[in-house]
Amino acid sequence: MVPDGAPSLITTGLIAGTLHARGLQFPVLIGGAAINRAFSYRALYPGGRESEDVYEPGVFYCKDAFEGLAVMDQLIDADAHGALLAKLRSGASDFRARGDEPAEQLDLTDDSVRSAARTAAPIPTPPFWGVQEIPVDLAEVYRHLDTHVLFKLHWGGRGVKGEAWQALLRDDFRPRLERMWREQTYLHPRALLGYFPCYALGNEIVLLDPGDRSGELTRFVCPRQPKGDRICLADFFRPAEDGRAPAELDVVAVQAVTVGAEVTELMARLEAEGEFAEQLFVHGLGVQTAEALAEWLHSGVREALGIDPAQGRRYSWGYPAVPEQSEHLKVDGLLELSRIGMSITDGYAPDPEQSTLALVAHHPQAIYFGTRQGRLLPNGSPDDLIRGSSRDPSLFAELDDSEPPDGAVQEEDQPAMA
């Protein structure tokens, strides 16, 4: 399966084209946040719109790993294989006949109009300046593990309802998670956290050297909504005065977390041994532990800054507010990711795989938004916290077996890759 992320949007088409040119007959399965079914329809025609050549083995979109398993089951079943290919080709043909809707050209760089985010929000004082490795309390990380996302999206519980859902929670998912967490030896969490003086200049967040508070270290470039409230992430930091650093500098937290490489190595070993179901359970736990680690570290930032536990937001590159993943190189320059065994790949992804990078805005009006959606609220809105909620696995004994609320397991614009 081709991995998710922006680079795969390019490489998937190249892979299908190369396989077709060499006469190889390997089905291609694709999926991930940056990919949709329309992309698989396009990739099915390796010669582009001007060619009728079709990559005969097929390019199949799978919304998650469990759908990938279902597609694989059909591919190795003689009867189901033909029906699956016929459905794919019919969908691709219809899509091609309709044509792509013309893409609206949006200017995300215009900073001539700023959002109405308050420019004089109180600026908290961090517990330290610069970068430190933060000791990880894995028992506390567990309380930030989003079990709704884990159970519904990663472990295949999507669509299961009623008595069947209650039985799945009671007899499988909850005891499985408790057992895996208790017995695992493959998660090695580490965390880096940096506090930097900063200010906003147009659509950029300018980070300064904590030592002299004047030397520029880097700038994070952020897109601005071309319409609506014209929000830009930079708006949640104290703005420049006459193009220069303001008298009172703001503070930004930048964080990096990883659960290490061993979980990825274990997944590869399980796959090689044909233990596909167990591989998916381990993969889900690894992914969500990395997210829980980011959530735990963010909660510590809020506490250290003395702000409300649900104030502000955490933004990860690759999501709508900060979509450019090449900014990860700047994070590496700031935090020295090698200190916790991390690096950035040629495709700008953090390595090991189960790792995340993010910046934290403390501003009370900070929200998650995209270039086409998201509105600024006068008094902000509280963040969605996992610890202490129905998703907190430490509270299993206090919970009933009810369904999670609608939307609780949908992939959000943020934060969960943070």
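The structure displayed is predicted, hence computed values, not measured ones. (Residues numbered from 1 in each chain as written. Predicted model: local features only at pLDDT ≥ 70, side-chain atom pairs only at ≥ 80, totals over all residues. Heavy atoms only, no water.)

Peer 1: Give me the lowdown on the pattern of salt bridges, citing residues and values where you can.
Peer 2: Applying the stated criterion to the full structure yields 23 salt bridges. Notably, a salt bridge pairs Arg170 with Asp171, separated by 3.3 Å at the nearest N-O pair. For Asp171, a relative accessible area of 53% corresponds to the exposed category. Where Arg179 meets Glu183, a salt bridge forms, and the shortest distance between an N and an O atom there is 3.7 Å. Placement of the pair is Arg179 and Glu183 together in helix H7 (residues 162-183), with a separation of four residues, close to one helical turn. Here the salt bridges share partners, and the residues they tie into one network are Arg114, Arg224 and Asp235. (Salt bridge = Lys/Arg side-chain N within 4 Å of Asp/Glu carboxyl O. Buried < 20%, exposed > 50% of the residue type's maximum accessible area, 1.4 Å probe, protein only. Helix = DSSP H or I, 4+ residues; strand = E, 2+ residues; numbered from the N terminus.)

Peer 1: Give me the lowdown on unusual backbone geometry, citing residues and values where you can.
Peer 2: Each neighbour pair has its own omega, and for Asp351 with Pro352 the value is 5°, a cis peptide bond. Phi angles above zero are rare outside glycine, and Arg230 is one such case at about 60°. Checked against the element boundaries, Arg230 lands in the loop between strand S6 (216-221) and strand S7 (250-258). On the basis of relative accessible area, Arg230 is assigned to the buried category, the value being 11%. The backbone phi angle of Tyr348 is positive, close to 70°, even though this residue is not glycine. Mapped onto the fold, Tyr348 is located in the loop between strand S9 (343-344) and strand S10 (350-351).

Peer 1: Which residues make up the confidence of the model for the protein, and what are the values?
Peer 2: With 90% of its residues at a pLDDT of at least 70, the protein reaches an overall mean of 89. Scored below 50 in pLDDT, residues 1-9 makes 28 contacts in the model with residues more than four places away or belonging to other chains. Long-range and interchain partners of residues 405-418, a stretch whose pLDDT sits below 50, account for 38 contacts in this model, where long-range means more than four residues apart. (pLDDT = per-residue confidence, 0-100. Contact = heavy atoms within 4.5 Å.)

Peer 1: Could you give an account of the pairing of strand S11 (residues 355-361), with specific residues and numbers?
Peer 2: Of all seven residues in S11, seven are buried, a share of seventy percent or more. The alternating pattern of S11 places Ser355, Leu357, Leu359 and Ala361 on one face and Thr356, Ala358 and Val360 on the opposite face, and all of these are buried. For S7 and S11, the ladder comprises six bridges, and the chain directions are antiparallel. Across the sheet, residue Val257 finds its bridge partner in S11, namely Thr356. (Pairing = 2+ DSSP bridges.)

Peer 1: Go over the environment of Glu353, please, and point to the residues and values.
Peer 2: Note on placement: Glu353 falls in the loop between S10 and S11. C-alpha of Glu353 to C-alpha of Gly286: the two residues are 67 residues apart in sequence and 9.3 Å apart in space. Here Glu353 is in contact with Thr264, Met267 and His283, once residues within four sequence places are set aside.

Peer 1: Outline helix H10 (residues 328-335), listing residues and values.
Peer 2: Owing to its 3.6 residues per turn, the α-helix brings residues three or four apart onto one side. Among the residues making up H10, those that are buried are His328, Val331, Leu334 and Leu335. Considered in projection along H10, the buried side chains sweep an arc of 115° and stay on one side of the axis. Looking one or two residues past H10, Glu336 carries a phi angle of roughly 55°, positive in sign. (Arc of directions from axis to C-beta.)

Peer 1: For the environment of Phe39, give the residues involved together with the corresponding values.
Peer 2: Note on placement: Phe39 falls in helix H2 (residues 37-43). The exposure class of Phe39 is buried, given its relative accessible area of 14%. Considered as a pair, Phe39 and Val59 are 20 residues apart in the sequence and their alpha carbons are 9.1 Å apart.

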